[in-house]
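Close look at the chain arrangement
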Amino acid sequence: MSGALHRTGVAGDPASPIHRLDPRAKVLGLAGITVVGVSTPLAAWPAFVACGLALSAIAALARVGPGVIWSRVRVILPLVLFVAVFVPFVRGGPTVDVGPLSLSEQGLETFALVTAKATIGALSAVLLGATTSFPDILHGLERLRVPRLLTVIAGFMYRYVFVIADEARRMRAALAARAYRPRHLGQVGALGRMVTALFLRSYERGERVYLAMLARGYAGAMPRLAVLAFRRADTAFLATLALTLIPLRVVVA
Amino acid sequence: MSCAVDAHDLRFRYPNGVVGLDGVDLHVTHGERVAVLGPNGAGKTTLMLHLNGLLAGDGELEVAGMRVGEGDVRDLRAAVGIVFQDPDDQLFMPTVGEDVAFGPLNLGVPREEVRERVVAALATVRMEHVAERAPHQLSLGQRRRVAIATVMAMRPRLLVLDEPSANLDPRARRELLEVLDTINRTMLVVTHDLPFAAQLCERAVILAGGRIVADGPCTEILRDDALLAGNDLELPAGFDLARVRLRTAADPLTL
């Protein structure tokens, strides 16, 4: 749990032109690449290549190395691919023989398509996360008129997921220290009580946080100190992506 | 000048019937630093939550020249800065800088001035280098100092601290004490840490069963072993009051 948490946050060169872009530009740009990728049929495969090249260029400019990308993509991608890998076996229609296996041609196409789309989506998300801090992404989303309630909830989640994970780790350590190693179903009760305790603690913390917010004049709005500035570099970034990917996507289709 | 806290026969009962305050009389003048001591469940936190109107009981309460329960609650909360015990409750914004800015922005302070206040408040607690960090990346001692900064940025007239030295290692505790000692504010310090109280505050009150049962110079209260024992309080074993530099009423604040 904590392992996955540590594979987050800004990576690469924080002073790179990509890192310094306005979060809104990065959210829109990388979401745009994902949309182009997801909407592309297999016949228009050059669009996949173009998306891949765009993502590589962004990674190179931001100096986010393949090691970082791999370690983060590894968290998301296997889940998708695990499902997709069975498709060639279950689809009907003409088949091709690969050694002892008989695979559906249509299924193979679907597999390739899903793999390409999932990879582009995952890479876009990973690059956004590696070049933009989570608070900045939230700020960007807020300014892009994503409902306040959602960004506020995401903000609290980001702030407290570490606190709750810490509490859970301590409770697990306390269980383990008293030789708790569940071997059969009758022994998982302690885990249930741990989750209950964790829930109650978090609930009580919520109440205390609310009091602390009220004490500092909270009246329903989450004020922001930082001001986002959309600069020429941001326009150039979005224009470059739009002018290369969209025409390509339209032409090859 | 009006007094900082003037409570008269303050009473509060929780919805479940537990009596929180049972007729508290407390008078604190500007510039005083008062330690609020007492056993668990004595009503210390309840009293604290009354000072800025988060809880409202019966009786009369005037804080920083404002009658609690009348007028704009925002003015009251600007005047009374409460630092909660667990900094994880107090620091809820994604970055330290945004968190320190939260209070003054709520008060409608212009952005430019808020920026200056953030820098100044973090400098007061010697944490100016962490503005961009996330709270979970800081140690407990650092988070507690930042929590004080979030309140200082609101420029309160009265600073209320709930168990500021709890769970700190000796060094973080000393650093916190040094930081607090430089802050020129009327202070109410709710604590179990008697040596900490002795070094920071010149006056102490003991709250027990929802009432003030003792009130006097901190040194006198801490020397009264029978009084302390009667209220589940005790100095650490081997602690010698004569060997620390105690704060006395002769160390006036320049407000």
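Residues numbered from 1 in each chain as written. Chains lettered and ligands numbered in written order. Predicted model: local features only at pLDDT ≥ 70, side-chain atom pairs only at ≥ 80, totals over all residues.

1. So, the overall build of chain B
- Along chain B, the regular secondary structure elements total 10 helices and 10 strands.
- Relative to the compact-globule value of 18 Å for 255 residues, chain B shows a C-alpha radius of gyration of 18 Å, a close match.
- Counting only C-alpha atoms and orienting by the principal axes, one finds that chain B spans roughly 50 × 45 × 40 Å.
- Expressed as a percentage of its 255 residues, the buried residues of chain B come to 49%.
- Considering only contacts within chain B whose residues lie at least 6 apart along the sequence, 68% involve residues at least 24 apart. (Helix = DSSP H or I, 4+ residues; strand = E, 2+ residues; numbered from the N terminus. Rg over C-alpha atoms; globule rule 2.2 N^0.38 Å. Buried ≥ 20, exposed ≤ 12 C-beta atoms within 10 Å, placed from the backbone. Contact = placed C-beta atoms within 7 Å.)

2. Here's the deal with the sheet that holds strand β1 (residues 5-13) of chain B
Residues and elements named next belong to chain B.
- Sheet architecture is open: 4 strands sit in the order β2-β1-β4-β5, paired in antiparallel fashion. Edge positions in the open sheet fall to β2 (19-28) and β5 (66-67), since each of these has one partner strand only.
- With 2 bridges connecting them, strand β4 (residues 58-63) and β5 associate as antiparallel partners. By the bridge assignment, Glu-62 is partnered in β5 with Arg-67. (Pairing = 2+ DSSP bridges.)

3. Some points on the domain arrangement of chain A
- Each assigned domain of chain A is listed here: domain 1 (2-132 + 231-252) and domain 2 (147-215).
- Averaged C-alpha coordinates put domain 1 of chain A and domain 2 of chain A at centres separated by 34 Å. (Domains from an automatic or database assignment.)

4. Quick look at the nonpolar core
Residue and element names in this part refer to chain B.
- Counting 81 residues, the largest nonpolar core has Val-63, Ala-149, Val-160, Val-189, Ala-197 and Ala-204 as the members making the most contacts within it.
- Among the elements that take part in this core, helix α6 (residues 140-152) stands out by supplying 6 residues, more than any other.
- Beyond its immediate sequence surroundings of up to four residues, Val-63 is in contact with Val-5, Leu-51, Val-68, Leu-76, Ala-79, Val-80 and Leu-158. (Core = buried A, V, L, I, M, F, W, Y, C linked by C-beta atoms within 7 Å.)

5. Remarks on the pairing of strand β7 (residues 158-162) of chain B
Residues and elements named next belong to chain B.
- Across the 5 residues that make up β7, a large majority, 5, are buried.
- Note that strand β6 (residues 80-83) and β7 share 4 bridges and pair parallel. Looking at the pairing, Val-83 lines up with Leu-161 of β7.
- Pairing geometry for β7 and strand β8 (residues 186-190), over 5 bridges, is parallel. Counted as the bridge partner of Val-160 is Leu-188 from β8.
- Handedness of the crossover is the feature at issue here: the chain leaves β7, passes through helix α7 (residues 170-181), returns alongside β8, and the resulting connection is right-handed. (Right-handed = clockwise from strand over helix to strand, strands pointing away.)

6. Remarks on the interface of chain A and chain B
- At the junction of the two partners, chain A supplies 23 residues and chain B supplies 29 residues.
- For the side of chain A that touches chain B, the elements supplying multiple residues, two or more each, are α7 (134-143), α8 (148-177) and α9 (189-215) of chain A.
- Of the residues forming the side of chain A that touches chain B, the biggest block, 8 residues, is contributed by α9(A).
- Each residue belonging to the side of chain A that touches chain B can be placed in one class, and the counts come to 17 nonpolar, 2 polar and 4 charged. (Nonpolar A, V, L, I, M, F, W, Y, C, P; charged D, E, K, R; others polar.)

7. Comments concerning the packing of helix α4 (residues 96-106) of chain B against helix α5 (residues 111-124) of chain B
All names here are of chain B.
- Put simply, α4 and α5 touch, their axes get as near as 9 Å, and they point 120° apart. By the angle between their axes, α4 is oblique relative to α5. When the axes of α4 and α5 are compared, the crossing they make is right-handed. Of the residues in α5, those touching α4 at Gly-97, Val-100, Ala-101, Pro-104 and Leu-105 are Val-114, Arg-117, Val-118, Ala-121 and Leu-122.
- Looking at the contact of α4 with α5, its residues break down into 8 nonpolar, 1 polar and 1 charged. (Axes fitted to C-alpha atoms, helices over the stretch in contact; angles between N-to-C directions. Parallel < 35°, antiparallel > 145°, perpendicular 65-115°, else oblique. Left-handed = near helix turned anticlockwise from the far one by under 90°.)

8. Re the sheet that holds strand β10 (residues 211-217) of chain B
Residue and element names in this part refer to chain B.
- With mixed pairing, the 6 strands of this open sheet are ordered in space as β6-β7-β8-β3-β9-β10. Each having just a single partner strand, β6 and β10 make up the two edges of the open sheet. The mean inter-strand angle of the sheet, taken between neighbouring strand axes irrespective of direction, is 15°.
- As paired strands, strand β3 (residues 33-37) and strand β9 (residues 203-208) are joined by 4 bridges and run parallel to one another. Paired with Leu-37 across the two strands is Ile-206, which belongs to β9.
- Where helix α1 (residues 44-51) meets the sheet, it contacts β3, β6, β7, β8 and β9, and its direction lies at approximately 150° from that of β7.

9. Focus: the environment of A:Gly9
Residue and element names in this part refer to chain A.
- One can find Gly-9 in the loop between α1 (2-6) and α2 (23-38).
- The class of Gly-9 is exposed, set by 12 C-beta atoms lying within 10 Å.
- Remark: the alpha-carbon pair of Gly-9 and Thr-132, spanning 123 residues in sequence, is separated by 7.8 Å.

10. What to know about the environment of B:Val213
All names here are of chain B.
- By secondary structure assignment, the location of Val-213 is in strand β10.
- As a C-alpha pair, Val-213 and Gly-38 span 175 residues in sequence and 9.4 Å in three-dimensional space.
- Every residue in contact with Val-213, bar those within four places of it in the chain, is listed here: Ile-206, Ala-208 and Asn-231.

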